[in-house]
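What follows is the residue order along each chain.
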Amino acid sequence: PGVAGPLQKPAMVGARAGAIGLGLVLLAVCGAVKELPESKEEVKNRESRIILRYQKSQTGQESLESRVKRLESLPGISRAEALPSLDMAVVVCKTPEDEDDVLEALESQQGVEVAVPDTWVQLDDLPKPPRGVKPQSTEMCEANPRCKAWGLQDACCPTRDGVWMECCEDRPAPIDKERHGFSTISLLSWHGGYLAAMRWGAVGFYPSMEHQDTRFFVVPHVDGYVSLKNQHGAYLVTTPSGRIACWHRGHGVADDFEKFKFIYNKDGSVSLRSKSSDKYLAAEHPSWGVATADREEIDDWEKFNVTTVHGWDTVIPNDEHFEKLWGMNHFGGRDIDAVEAWRFFPAPPSNTVIVGVIDTGIDYTHQDLKERMWTNPNEIPDNGIDDDGNGIIDDVYGADFANDDGDPFDDQMHGTHCAGTIAGHGNNAEGVAGVAWAGVRLMALKFLSASGGGRTSDAIKCLNYAVAMGAKITSNSWGGGGSSSAMRVAIERAQRAGVMFIAAAGNEGSDNDAIPHYPSNYAPSNIISVASTTKTGSLSSFSCYGKESVDVGAPGSGIYSTIPGGKYASLSGTSMATPHVSGLAALIWLFRPQLTMPQIIEIILDSATREDALQNSSASGARINARSALLLASTYEGSRPPVHKPQALTFEDSDPGVGIMAGDAVITCAEDESDISFYSIHIISGAGFLLDTIATVDATG
């Protein structure tokens, strides 16, 4: 997708690439017949692979390692590899012709539960109070016991933008009116006059936007239209004659006479089409002072340039290309309200959330990403040793399972683009800002090669790595290859570990309810399937949809973000929508770290903004909204560890087999269980993160 510039890899890698290029030139000149060795990508492209899963290990059974070693003696199998945490193995057939016979032989093996082809998947991408005013002490979160208990900071009752959190002791009743922020727009006509709505209801033009009458609040509606409200609380209205006025018409909610649709012209200007007259708004010459909605076509008089004045309820980072990020902030009201959500963070979050980007890798040297990269705390860079003993040498920023090494540098661009939307470094005076531009650490997990394709078994390895190394969220902008029980089992295991799996719905423009798309169509409840939306609020033409199988929409058309080599580009696809949701999930967890994964998913879906144009596109019929999500998150009770703890936990492994555990775990309950609801037993990875939940038992009192 897009046009890839020259990639800037580390010096050693770049030198190797240069040597290969020189070798190609010499072969062309000398006419040598000697063939170049196949790359790992080329080898994987032609291999026939099978994933098999064994039944759950029982006492006295043969270990997984022993079983896998024995597989290599079967006819038609060249090698086999264990996936220990899933009781799975991957076998490579000697030739593609052997695949059917090997499948039949594996299915007859004792203890094999299922054997499926290792499918090929690919990128899910397209074919080619005013500032400075300090809150009173009673407004601070710490002055309200529930807000303090939830770990909220700064002002809560109300917040700095006038919103009362649910945790406030004395919260006023909600006001039933259309919501808009404090940002305004001014409309400059082709003639050089700014549209102005006077207090007495007249509409004309002023030579400057300094007067408050030229500034309008934009109120978006679910039917795709907007209303323009002036500083005196009145809406622009199309009169029966077609003239534009600005009257108080005795109702708080705009009707069709007060609705307009933004039309985005190719030259960067906008036009407004009245819903009641179904005609375009035109600016007559400013000296005449007339605006009418009676034009059938768009010409110069029907075009306006928009200037936005950001309100004090927003945080606008100083990034060079921030104005290109319409998905974060746009005057038309079909963005995710990211700038309003960032206002909830008075300072950079003290906690961190790890997001695993399962994709083509990440350019971890990019100026907008290098300070947002996760680094393996137990690995010493570039010493050629597997310091943490996880089987991968020098996996500092993640791992590359496409080439079976520890360097997940992006040789395509797709993964780097997704990473920038999730957590591009904001407010650093260059580039872009991600949805969660402070507090997130990006784990690069490469399984898609430079061609954009990869194996399901390698995607499983990426997910297992993410779970074992502490990722709370995985972003998955890829799909295809049909359903794989092996992939489903891996996602289910991630679910038990509390890891969210956010997946692109696909770009075939088809109904996923009728034609399933994987991995987004798998059933585990930790999956959020994401469709793509446009600047106008509608479903992108390429996006897959599904009333049952797709969960929510997010901006995915014309998304500007990072690409390798320190550059930036605009791409489209559900691949671009997915990282918006991944970033939002991280933002909520940064805001309320006590919440659980199911709570975060519920908040994302329940707080989304409903749109008529999206009602048949997903189960929610909505687009994600960051501000609403944080407001809703403030109402949730977070789990807290009890003061009283169990007295002891004992476990004796009764199975002598290598790689197999069996036996009884005995919990000696706490002497005081008044603050304990349940006990649970888990398997923890060598890096100290939850891998699986073995059992849960209620506290008895």
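An account of the accompanying structure is given in this report. (Residues numbered from 1 in each chain as written. Predicted model: local features only at pLDDT ≥ 70, side-chain atom pairs only at ≥ 80, totals over all residues. Heavy atoms only, no water.)

## As for the side chain of aspartate 213
On the secondary structure map, aspartate 213 appears in the loop between β8 (203-206) and β9 (217-220). It is arginine 199 that comes nearest to the buried, bridge-free aspartate 213 among opposite-charge side chains, at 6.8 Å. Among the polar contacts made by the side chain of aspartate 213, one reaches the side chain of histidine 232 at a distance of 3.2 Å. The contact partners of aspartate 213, leaving out residues within four places of it in the chain, are Leu195, Ala196, Ala197, Met198, Tyr206 and His232. (Helix = DSSP H or I, 4+ residues; strand = E, 2+ residues; numbered from the N terminus. Buried < 20%, exposed > 50% of the residue type's maximum accessible area, 1.4 Å probe, protein only. Lys, Arg positive; Asp, Glu negative; His and termini not counted. Salt bridge = Lys/Arg side-chain N within 4 Å of Asp/Glu carboxyl O. Polar contact = N/O pair within 3.5 Å; in protein donor to acceptor, adjacent residues only side chain to side chain. Contact = heavy atoms within 4.5 Å.)

## Topic: helix α7 (residues 414-423)
Owing to its 3.6 residues per turn, the α-helix brings residues three or four apart onto one side. Burial within α7 is extensive, with ten of its ten residues counted as buried. Listed in full, the buried residues belonging to α7 are His414, Gly415, Thr416, His417, Cys418, Ala419, Gly420, Thr421, Ile422 and Ala423.

## Quick look at the nonpolar core
Within the largest apolar cluster, 72 residues are counted, with the highest numbers of intra-cluster contacts made by Leu442, Met500 and Ile604. Per-element tally for this core: the top contributor is helix α10 (residues 574-591), with ten residues. Beyond its immediate chain neighbours, meaning those up to four positions away, leucine 442 contacts Val355, Val357, Ile362, Leu369, Arg372, Met373, Trp374, Tyr397, Ala419, Ile422 and Ala423. Core analysis: the second largest hydrophobic core is formed by 43 residues, Val116, Leu123, Leu463 and Val489 among them. (Core = buried A, V, L, I, M, F, W, Y, C linked by side-chain atoms within 4.5 Å.)

## Notes on the pattern of salt bridges
Within the structure shown, the criterion is met by 22 salt bridges. A salt bridge links arginine 488 to glutamate 492; its shortest N-O distance comes to 3.0 Å. Of this pair, arginine 488 and glutamate 492 both sit in helix α9 (residues 485-496), four residues apart, which is roughly one turn of the helix. Taking the relative accessible area as the measure of exposure, arginine 488 reaches 31% and is therefore partly exposed. For glutamate 492, a relative accessible area of 27% gives the class partly exposed. Ionic contacts of the salt-bridge type, sharing partners, join the residues Glu47, Arg49, Arg79, Glu81, Asp118, Asp458 and Lys461 into one network.

## A few points about the pairing of strand β12 (residues 244-247)
Residues in a regular strand point their side chains to alternate faces of the sheet. Looking at chain direction, strand β11 (residues 235-238) and β12 are connected through four bridges and run antiparallel. Its bridge partner lying in β12, tyrosine 235 is registered against tryptophan 247. Taken together, β11 and the strand that follows it, β12, pair antiparallel across an intervening segment of five residues, in which glycine 242 is found at a positive phi of about 100°. (Pairing = 2+ DSSP bridges.)

## Examining the sheet that holds strand β23 (residues 478-479)
Strand order in this open sheet of three strands is β21-β5-β23, and the pairing throughout is antiparallel. Edge strands, defined here as strands with exactly one partner in the open sheet, are β21 (453-455) and β23.

## Some details on the sheet that holds strand β3 (residues 88-93)
In sheet architecture, strand pairing relies on hydrogen bonds along the backbone and comes in two forms, parallel and antiparallel. If you trace the four strands from one edge of the open sheet to the other, you get β2-β3-β1-β4, paired in antiparallel fashion. At either end of the open sheet lies a strand with only one pairing partner, and these are β2 (77-83) and β4 (112-117). With direction set aside, neighbouring strand axes in the sheet form an average angle of 20°. Sheet topology note: the strand β1 (residues 49-54)/β3 ladder contains five bridges and is antiparallel. In the sheet register, isoleucine 50 faces β3, and the bridge partner there is valine 91. Those strands touched by helix α4 (residues 99-107) are β1, β2, β3 and β4, and its axis lies near 165° from that of β4. (Axes fitted to C-alpha atoms, helices over the stretch in contact; angles between N-to-C directions.)

## A word on the packing of α10 against helix α12 (residues 626-633)
For the pair α10 and α12, the least separation of the axes is 10 Å and the interaxial angle reads 35°. Two packed elements cross with a definite hand, and for α10 against α12 that hand is right-handed. Here Leu584, Leu587, Ile588 and Phe591 of α10 lie close against α12, whose contacting residues are Ala626, Ala629, Leu630 and Ala633. A breakdown of the residues in the contact of α10 with α12 according to their chemical character gives eight nonpolar, no polar and no charged. (Left-handed = near helix turned anticlockwise from the far one by under 90°. Nonpolar A, V, L, I, M, F, W, Y, C, P; charged D, E, K, R; others polar.)

## As for the environment of serine 529
Counting through the fold element by element, serine 529 comes out in strand β25 (residues 527-533). Spatially, the C-alpha atom of serine 529 lies 5.5 Å from that of alanine 505, the residues being 24 residues apart in sequence. Aside from chain neighbours lying at most four places away, what touches serine 529 is Ala503, Ala505, Ser520, Ser549, Val550, Asp551 and Val552.

## Regarding α12
For α12, the full list of buried residues reads Ala626, Arg627, Ala629, Leu630 and Ala633. Taken down its axis, α12 places every buried residue within 160° of arc, on the same side. On its buried face, α12 sits against α6 (338-341), α10 and α11 (597-606). A side-chain oxygen of the first residue of α12 lies 3.2 Å from the backbone nitrogen of arginine 627; this N-cap is asparagine 625. (Arc of directions from axis to C-beta.)

## With respect to the pairing of β25
Buried residues dominate β25, accounting for seven of its seven residues. Neither face of β25 is open: one carries Ile527, Ser529, Ala531 and Thr533, the other Ile528, Val530 and Ser532, and all of them are buried. Relative to β25, strand β24 (residues 500-504) is paired through four bridges, and the arrangement is parallel. Residue isoleucine 502 lies in a different strand from β25, and its bridge partner there is isoleucine 528. In this sheet, strand β26 (residues 552-555) lies alongside β25 in parallel orientation, the contact comprising four bridges. Its bridge partner being in β26, serine 532 is matched across the sheet by alanine 554.

## Section: the environment of leucine 584
Note on placement: leucine 584 falls in helix α10. A C-alpha to C-alpha distance of 9.4 Å links leucine 584 and leucine 630, two positions 46 residues apart in sequence. With sequence-adjacent residues up to four places away left out, leucine 584 is seen in contact with Val435, Ile604, Ile624, Ala626 and Ala629.

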